[in-house]
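# Geometric and topological summary
What follows is the residue order along each chain.
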Amino acid sequence: MATETTVRIEDIMSTPLETISADETVKAAATQMQAQNINGIFVPGAQAGIITTTDIVDAVAAGKDLSSATVGEVMTSPVERVTTSLELGEAAAMMTTYDIKHLPVIDKHQDYVGMVSSTDITQALS
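Procedures and definitions
Residues numbered from 1 in each chain as written. Predicted model: local features only at pLDDT ≥ 70, side-chain atom pairs only at ≥ 80, totals over all residues. Heavy atoms only, no water. UniProt positions renumbered as here; feature names shortened; annotations may be inferred. Helix = DSSP H or I, 4+ residues; strand = E, 2+ residues; numbered from the N terminus. Pairing = 2+ DSSP bridges. Contact = heavy atoms within 4.5 Å. Axes fitted to C-alpha atoms, helices over the stretch in contact; angles between N-to-C directions. Buried < 20%, exposed > 50% of the residue type's maximum accessible area, 1.4 Å probe, protein only.

Per the UniProt record, "domain: CBS" (unreviewed entry) is found at residues 75-126. Segment residues 75-126 splits into 37% helix and 25% strand. End C-alpha atoms: 31 Å apart.

Here you go:
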């Protein structure tokens, strides 16, 4: 009889955590995402957030100038987050509940250490 192994966020999260300042331009964020081949970047600080490709598309649709608009103006904040020890299914349920595709990951010291995406979860389940 085979036993099922529990997959935890720490097993599939992306590290190191890509970050960008809230003061950077949206264009800089888009350039960083393209260079790293990712769809979301964590924005550390007192008002921590995340900027995703969806946020950038929304900014374009709203007519914002991406060379002057800042990450802080278009990022999603506050953000939901998960711990490294959370089970994969629970993170997937959170993404569905909140209609999001990225979750920053914190360790037991409450430090941000990675990011998990819906793509990471899909790949882990396949």
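That shown, we press on.
With that out of the way, let us pick up the sheet that holds strand S3 (residues 82-83). If you walk across this open sheet you meet the three strands as S3-S4-S5, and the pairing is mixed. Whereas interior strands pair on both sides, the edge strands pair on one side only; in this sheet they are S3 and strand S5 (112-117). The sheet contact formed by S3 and strand S4 (residues 102-106) spans two bridges and is parallel. Paired with Thr83 across the strands is Ile106, a residue of S4. Contacting S3, S4 and S5, helix H5 (residues 88-98) runs over the sheet at an angle of about 135 degrees to S4.

Let us look at unusual backbone geometry. The phi torsion of most residues other than glycine is negative, and most of the peptide bonds are trans. A cis geometry characterises the amide bond from Thr15 onward to Pro16, with omega recorded as -5 degrees. Structurally, Pro16 can be placed in the loop between helix H1 (9-12) and helix H2 (26-36). Residues Ser77 and Pro78 are joined by a peptide bond in cis, for which omega reads 0 degrees. Following the sequence through the fold, Pro78 ends up in the loop between helix H4 (71-74) and S3.

A large share of S4 lies buried, amounting to five of its five residues. What you see with S4 is no split at all: His102, Pro104 and Ile106 on one side and Leu103 and Val105 on the other are buried throughout. Where S4 and S5 come together, five bridges link them in antiparallel fashion. Counted as the bridge partner of His102 is Ser117 from S5. In sequence, S4 turns back onto S5 through a hairpin of five residues, with Gln110 there showing a positive phi of about 70 degrees.

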